[in-house]
Structures are given as C-alpha cells and as structure tokens.
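One-letter residues, chain by chain:
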There are 2 protein chains.
Amino acid sequence: MSQETGDEDDFAAQANLQAIMEKRRRRRESHNAVERRRRDNINDRIQELGTLLPESMTAEEGGVARLNKGTILRKSVEQIRMMQKDLRDYQQRVRELEETLNQLNHQNSSRRARNTTTTTTRMQQHV
Amino acid sequence: MSQETGDEDDFAAQANLQAIMEKRRRRRESHNAVERRRRDNINDRIQELGTLLPESMTAEEGGVARLNKGTILRKSVEQIRMMQKDLRDYQQRVRELEETLNQLNHQNSSRRARNTTTTTTRMQQHV
DNA sequence: GGGAGCACATGAGCTA
DNA sequence: TAGCTCATGTGCTCCC
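What counts as what
Residues numbered from 1 in each chain as written. Chains lettered and ligands numbered in written order. Predicted model: local features only at pLDDT ≥ 70, side-chain atom pairs only at ≥ 80, totals over all residues. Heavy atoms only, no water. Helix = DSSP H or I, 4+ residues; strand = E, 2+ residues; numbered from the N terminus. Buried < 20%, exposed > 50% of the residue type's maximum accessible area, 1.4 Å probe, protein only. Contact = heavy atoms within 4.5 Å. Areas by Shrake-Rupley, 256 points an atom, 1.4 Å probe, with all protein chains shown as cover. Phe/Tyr/Trp six-rings, centres within 6.5 Å; stacked < 30°, edge-to-face > 60°. Core = buried A, V, L, I, M, F, W, Y, C linked by side-chain atoms within 4.5 Å. Near = heavy atom within 4 Å. Polar contact = N/O pair within 3.5 Å; in protein donor to acceptor, adjacent residues only side chain to side chain. Nonpolar A, V, L, I, M, F, W, Y, C, P; charged D, E, K, R; others polar. pLDDT = per-residue confidence, 0-100. 1 Å grid on protein atoms, 1.4 Å probe; cavity = no way out; pocket = protein on both sides within 12 Å on 5 of 7 lines; lining within 4 Å. Points joined across faces, edges and corners; volume = space filled by probe spheres on them.

Q: Looking at this structure, I do not really get the overall build of chain A. What am I missing?
A: A count of helical and extended segments in chain A gives three helices and zero strands. Its helices and strands in sequence order give chain A the pattern α-α-α, from N to C terminus. For chain A, the proportion of its 127 residues judged to be buried stands at 29%. Put simply, of all contacts in chain A between residues at least 6 apart along the chain, 42% involve residues at least 24 apart. For chain A, the computed accessible surface area is about 9200 Å², with 48% contributed by carbon and sulfur atoms.

Q: Would you explain the packing of aromatic side chains in this entry?
A: Between two aromatic rings, the relevant description is the distance of the centres plus the angle of the planes. For the structure shown, the criterion picks out one aromatic pair over all chains. Look at Y90(A) and Y90(B): their rings are 6.3 Å apart centre to centre, the planes differ by 10°, and that puts the pair in the stacked class. Here Y90(A) is found in helix α3 (residues 69-108), whereas its partner Y90(B) is found in helix α3 (residues 69-108) on a different chain. For the pair formed by Y90(A) and Y90(B), the shared burial category is buried.

Q: Whenever I open this one, the nonpolar core confuses me. Can you help?
A: For soluble globular proteins, nonpolar side chains are generally found buried alongside one another. Formed by 30 residues in total, the largest nonpolar core has its most connected members in I46(A), L49(A), L73(A), I80(A), I46(B), L49(B) and L73(B). When residues of this core are traced back to their parent elements, those giving at least two are α1 (3-52) and α3 of chain A together with α1 (3-52) and α3 of chain B. Setting aside residues no more than four positions away along its own chain, I46(B) makes contact with L73(A), K69(B), I72(B) and L73(B).

Q: Just checking my understanding: could you explain the protein's contact with DNA strand C for this structure?
A: With respect to spatial proximity, 14 residues lie near DNA strand C, and among them R28(A), H31(A), N32(A), R36(A) and R38(B) are the closest. Between DNA strand C and N43(A), the relevant distance is 3.3 Å, taken from a phosphate oxygen to a side-chain nitrogen or oxygen of the residue. A distance of 3.0 Å is found between a phosphate oxygen of DNA strand C and a side-chain nitrogen or oxygen belonging to K69(A). If you list the elements that add at least two residues to the surface near DNA strand C, you get α1 of chain A together with α1 of chain B. Residue contributions to the surface near DNA strand C peak at seven residues, all from α1(A). A breakdown of the residues in the surface near DNA strand C according to their chemical character gives one nonpolar, five polar and eight charged.

Q: Would you take a moment to explain the confidence of the model for chain A for this structure?
A: Residues shown with low pLDDT carry predicted positions that ought not to be read at fine detail. Predicted confidence across chain A gives a mean pLDDT of 81, with 74% of residues reaching 70 or more. Mean pLDDT across the secondary structure elements of chain A bottoms out at helix α2 (residues 55-58) of chain A, with 80, and peaks at α3(A), with 90.

Q: Explain the layout of surface pockets to me, please; I cannot follow it from the model alone.
A: Where empty space is left can be seen by rolling a probe of water-molecule size over the atoms. Its volume calculated, the largest pocket comes out at about 290 Å³. What lines the largest pocket is a set of 14 residues, among which I42(A), K69(A), I42(B), N43(B) and K69(B) lie closest to the centre. Elements supplying a minimum of two residues to the lining of the largest pocket: α1 of chain A together with α1 of chain B. Considering only residue class, the lining of the largest pocket consists of four nonpolar, two polar and eight charged.

Structure follows, in structure tokens:
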C-alpha cells in the first residue's frame with residue numbers, strides 16, 4: 001500500500017466521521033429544542049392552573065403561599081373535587097326549588113294564571 | 001524531603017480524594033432519589049387529574065384519546081373554567097327561583113300559611 | 001453543608 | 001426513518 005492511498009483513506013474516513021458527527025449534532029440540537037418546547041408547554045399549563053385556584057387555597061396562613069408545581073397540582077385536584085360536589089349540591093337545590101314551584105303553581109292554577117316559569121332547569125354537567 | 005514523606009503525602013492525598021469522591025457520590029445518589037420522588041409525585045397528580053376529566057373530554061372522536069401530560073393539563077384547565085361558569089349559572093338560577101318563591105309566598109301570605117322554605121341558599125364558592 | 005425545587009440535555013421507546 | 005413523549009441524572013440556585 002502506498003502512503004498516498006493511506007492518506008486518502010484517512011481523509012475520506014475523517015470527512016465521513018465529520019459528516020456523521022455533524023448530523024448527530026444537528027439531530028441532538030433539534031431534539032433539545034423540541035423537548036424544551038414540550039417542557040415549556042407543560043409548565044405553562046401548570047402555571048395556568050395556579051392562577052385558577054381560589055383565594056382560599058392560594059392564601060397560606062402566615063404569609064405567601066408557596067406555589068411550586070407539586071402544590072399547584074395537588075390543590076387543583078382538590079379544587080376540582082370540591083367543585084364537583086358543589087355542582088351536585090346546586091343541582092339538587094335547583095331540583096327542590098323547581099319541585100316546590102311546580103306544586104305552588106298547581107295549587108294556584110284553578111283561578112290564577114301561571115306567573116312563573118315551570119320549565120325544568122337542565123344545565124351543563126361538566127363533571 | 002525524604003521519599004517517605006512524599007509517599008505519606010501521596011497516601012494522604014489519595015485517601016482525601018477517595019473521601020471526597022465518596023462524599024460526592026453519596027450526595028449525588030441522595031439527590032437523585034429525592035428528585036425521583038418529586039417527579040413521581042408530580043406525575044401522580046397529573047395522572048389523578050386525568051381520571052377527574054369528564055367522559056366528554058377524554059373521549060376523542062375516532063378512537064382512543066391520547067392522554068399525555070400536556071393534554072391532561074390543557075383539558076384540566078378547560079374543565080375548571082367550564083365548571084366555574086356552570087357554578088355561576090347555577091347560583092344565578094337558584095337566586096331566581098328563590099326570588100320567585102318568595103314573591104309567591106308573599107302573595108299567598110294573606111290567608112294561607114307558608115308552605116315552603118324561604119331561606120336563601122348560600123353555598124360554597126370554590127371558584 | 002445539606003435539602004428542595006427547577007431547567008436542561010440525553011437516551012429509550014412508541015407510532016405513523 | 002422522523003417525530004413525539006417520557007424518565008433519568010445532573011448542575012444551579014435558594015433557603016435553612
């Protein structure tokens with residue numbers, strides 16, 4: 001083997017290696033960027049959840065509430081559970097009131113025009 | 001300087017290095033464990049939020065809903081906003097119904113005993 | 001000095 | 001193969 005051939009091989013191998021490394025670097029950086037966008041999205045959502053928390057939850061006794069990711073998520077779970085219960089209670093209360101109203105209207109229907117709506121409330125149920 | 005002194009210094013330096021490395025390794029592993037616990041906690045909360053989503057949100061048209069962290073958090077924000085609106089609507093509806101009932105009771109109060117409660121509903125407001 | 005929270009880069013795994 | 005999500009380890013920064 002001549003020395004020249006060896007050098008050529010070396011050059012070729014070197015160039016090949018450089019190309020591979022370049023490609024790898026490109027892919028790595030692209031991957032990093034995508035991953036960062038994903039992280040930012042998740043963090044933004046968590047932060048948004050934090051802004052949706054009621055005062056009663058964000059206010060900690062003594063001073064400023066420490067709103068790290070864990071507590072934001074924990075309180076959000078708690079809040080959703082409470083709101084679900086509140087919605088059920090309201091729904092029940094509305095049912096009772098409508099029932100009473102219907103009975104009253106029925107009693108008065110003999111000689112008096114209906115003066116209130118008797119429609120049954122049907123609201124969204126985002127529970 | 002004697003050779004013995006040099007060796008002793010080497011040994012001492014070596015031992016010192018080992019101790020430092022050991023300490024560093026310990027701290028690193030401890031930190032890793034703590035960090036893993038923190039991550040697990042956050043992930044568990046997100047997963048819990050996922051289970052609290054209503055069917056209408058988890059069911060995607062066409063097939064299985066892809067519930068990755070981002071979508072869980074996005075839908076949770078959406079859900080909380082909807083529930084807050086629903087709660088306001090219910091509150092308003094209850095107010096209206098109670099108002100109507102009070103008026104009716106007043107009209108009939110001349111010769112008829114009150115047959116319904118006139119108490120005003122005051123429910124929790126976890127918004 | 002040590003614990004807690006966070007952002008980051010990176011490799012592994014899944015799906016079109 | 002390319003793109004996306006995820007878990008992990010690690011360094012940095014506060015705060016005790």
